[in-house]
Amino acid sequence: MTSPGHDITRQLEQLLPRWAAPPSCDVAPRPCHRLDVTRDVITPPGEKPSSIQAKPCPGASGPVAAAAQAATLPQNGSKGPGLPSKPKPPARSAAKGNQKPPAFPCQPSKLVAIDCEMVGTGPGGRTSDLARCSIVSYRGDVMYDRYIRPAAPIVDYRTRWSGIRRHHMVNAVPFGKAQREILRILSGKIVVGHAIYNDFKALKYFHPKALTRDTSKIPSLNRKGAFLRPRRGGKAGHSSVEDARATMELYKVVEAEWEQHLMLNPEQE
C-alpha cells in the first residue's frame, strides 16, 4: 500500500514535461517540490493559477535556486511581492519655534483710540461720571463724539479739566443709550487709551486685556512720545477728540515694537 505522498509525486512526474526536471536537493535523496509548485501545476483548466510564487527548497543550491530566491526579495524598498511600500509622512513646513510673527503694524481698521471726560456727582462731586466720549480711528477720523448725561445730578462740571459746561447737557445722550453705542464700536477692536482703565470705569465696562493698549504703562513709549501728550487743564479745558488723536499718535511711535513684544510675551501687558 502506497502513501498519499507517493501518489502525488507520481502524478506530478506524469504531468511535468520530461525536460523540466525539478531542482535537486542536497537534503532530500529525490527531487523535491514545494507546495507552491504543486498549486501551479495541478490547477484545473479555466481557473486562475495561485498568486503564490514558487520558492526554492531550503537546501537547494545552484543558479536556478539563486534566481528563484532573488525573485522573492523586496525591490525598491517595498515590503515584498504584492505589498506596496509604506508612504513617507509629509515633511513639516516649519518648526513651531521658527514661525515668524505676523507682519506689523496691525490692521488699521482694527485699531481705535478713546478718551472720556468726567464730571463730579454725589456728595461733594467726588464721584466721577461719564459726560463725554470720543473715539477716533487709526487715521484720526472721528467715529464717535457725544455729550452724555449722567444718571445722577451733576455737582461739579470740572470745566477746567473736562471742558464741559452746563449747556452741553441740554441735548446730551442718556448714559444707557450712549453706553450701548460705544460698546458696539469697541467690540472686537484693539482699543488704545492713556490711563484707559479710568475710561472703562466710567463706561462701567471691561475690555479684553489682549485687545487693550494703555499708553501710560509703556515707559519707553512715554519717553519717546512725551511731546505728543495733550496738555491737561486750562481755562476752557481740553477736547477729548484731540486727546484721543494724540493718544493714537503716541501709540504709533512704537507700534511695531510694542505689538511684536506682546506677540512674543502674551502674558505681559
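Residues numbered from 1 in each chain as written. Predicted model: local features only at pLDDT ≥ 70, side-chain atom pairs only at ≥ 80, totals over all residues. Heavy atoms only, no water.

**Details of the overall build of the chain**
Helix and strand content of the chain: nine helices and seven strands. Within the chain, the fraction of its 269 residues that count as buried is 34%. Here the analysis covers contacts within the chain between residues at least 6 apart in sequence; of these, 58% occur between residues at least 24 apart. Carbon together with sulfur atoms contributes 56% to the accessible area of the chain, which is approximately 17900 Å² in total. (Helix = DSSP H or I, 4+ residues; strand = E, 2+ residues; numbered from the N terminus. Buried < 20%, exposed > 50% of the residue type's maximum accessible area, 1.4 Å probe, protein only. Contact = heavy atoms within 4.5 Å. Areas by Shrake-Rupley, 256 points an atom, 1.4 Å probe, with all protein chains shown as cover.)

**Some points on helix α9 (residues 255-264)**
The periodicity of an α-helix, 3.6 residues per turn, causes residues three or four places apart in sequence to face the same way. Taken residue by residue, α9 has Glu255, Trp258, Glu259 and Leu262 as its buried positions. Along α9, the residues classed as buried sweep out an arc of 95° about the axis, all on the same side. (Arc of directions from axis to C-beta.)

**A short note on unusual backbone geometry**
Phi is positive for arginine 158, which is not a glycine, with a value near 50°. Relative to the assigned elements, arginine 158 resides in the loop between β4 (154-156) and α4 (159-162). Here alanine 195, not a glycine, exhibits a phi torsion of approximately 55°, which is positive. Along the polypeptide, alanine 195 turns up in the loop between β6 (190-193) and α6 (196-203). Alanine 195 sits in the buried class, given a relative accessible area of 17%.

**Digging into the pattern of salt bridges**
Summed over all chains, the structure comprises four salt bridges. Linking glutamate 242 and arginine 245 is a salt bridge whose minimum nitrogen-to-oxygen distance equals 3.2 Å. Remark: arginine 245 and glutamate 242 occur in helix α8 (residues 240-253); sequence separation between them is three residues, near one turn of the helix. Under the relative-accessibility criterion, glutamate 242 is labelled partly exposed at 45%. Since its relative accessible area comes to 30%, arginine 245 is described here as partly exposed. For glutamate 249, the salt bridge is made with lysine 252, and the minimal N-O distance between the two is 3.4 Å. Highlighted residues: glutamate 249 and lysine 252, both in helix α8, separated by three residues, approximately one helical turn. Glutamate 249 gets classed as partly exposed once you look at its relative accessible area, which sits at 37%. (Salt bridge = Lys/Arg side-chain N within 4 Å of Asp/Glu carboxyl O.)

**Digging into the environment of cysteine 133**
Its place among the elements puts cysteine 133 in strand β2 (residues 127-137). The buried category is assigned to cysteine 133, whose relative accessible area is 0%. Measuring from C-alpha to C-alpha, the distance between cysteine 133 and alanine 202 comes to 9.9 Å, with 69 residues separating the pair along the chain. Ignoring sequence-local partners within four residues, the contact set of cysteine 133 consists of Ile114, Asp115, Cys116, Tyr144, Asp145, Arg146, Ile148 and Ile182.

**What to know about α8**
Between its first and last C-alpha, α8 extends 20 Å over 14 residues, near the 20 Å set by a 1.5 Å rise per residue. What α8 keeps buried is the set Ser240, Val241, Asp243, Ala244, Ala246, Thr247, Met248, Leu250 and Tyr251. The opening residue of α8 is serine 239, an N-cap whose side-chain oxygen sits 3.2 Å from the backbone nitrogen of valine 241. (Expected span 1.5 Å × (residues − 1). Polar contact = N/O pair within 3.5 Å; in protein donor to acceptor, adjacent residues only side chain to side chain.)

**A short note on the packing of aromatic side chains**
Overall, the coordinates contain two aromatic pairs when judged by the stated rule. Ring geometry for phenylalanine 200 against tyrosine 205: centres 5.7 Å apart, planes inclined by 85°, an arrangement best described as edge-to-face. A residue is classified by how much of its surface remains accessible, and tyrosine 205, at 18% relative accessible area, is buried. For lysine 204, the ring lying beneath its charged end belongs to phenylalanine 175, and the centroid distance is 5.0 Å. Residue placement shows lysine 252 over the ring face of tyrosine 138; its charged tip is 4.4 Å from the ring centre. (Phe/Tyr/Trp six-rings, centres within 6.5 Å; stacked < 30°, edge-to-face > 60°. Lys NZ or Arg CZ within 6 Å of the ring centre and 35° of its normal.)

**Here's the deal with a positive patch on the surface**
A cluster of basic residues, Arg146, Lys177, Arg180 and Arg184, forms a positive patch at the surface. Per-element tally for the positive patch: the top contributor is helix α5 (residues 175-186), with three residues. You can see arginine 184 is positioned in helix α5. Take arginine 184: its relative accessible area is 59%, and that puts it in the exposed class. (Patch = residues over 30% accessible without salt bridge, like charges linked within 9 Å, V, L, I, M, F, W, Y side chains within 5 Å. Lys, Arg positive; Asp, Glu negative; His and termini not counted. Charge placed at Lys NZ, Arg CZ, Asp CG, Glu CD.)

**Overview of the pairing of β6**
The two faces of β6 match: Ile190 and Val192 on one face and Val191 and Gly193 on the other face are all buried. As paired elements, β6 and strand β7 (residues 212-214) share three bridges and run parallel to each other. By the bridge assignment, valine 192 is partnered in β7 with arginine 213. In this region the chain leaves β6, passes through α6 and returns to the parallel neighbour β7; the handedness of that crossover is right-handed. (Pairing = 2+ DSSP bridges. Right-handed = clockwise from strand over helix to strand, strands pointing away.)

Function cannot be inferred from these measures alone, as they are strictly geometric.
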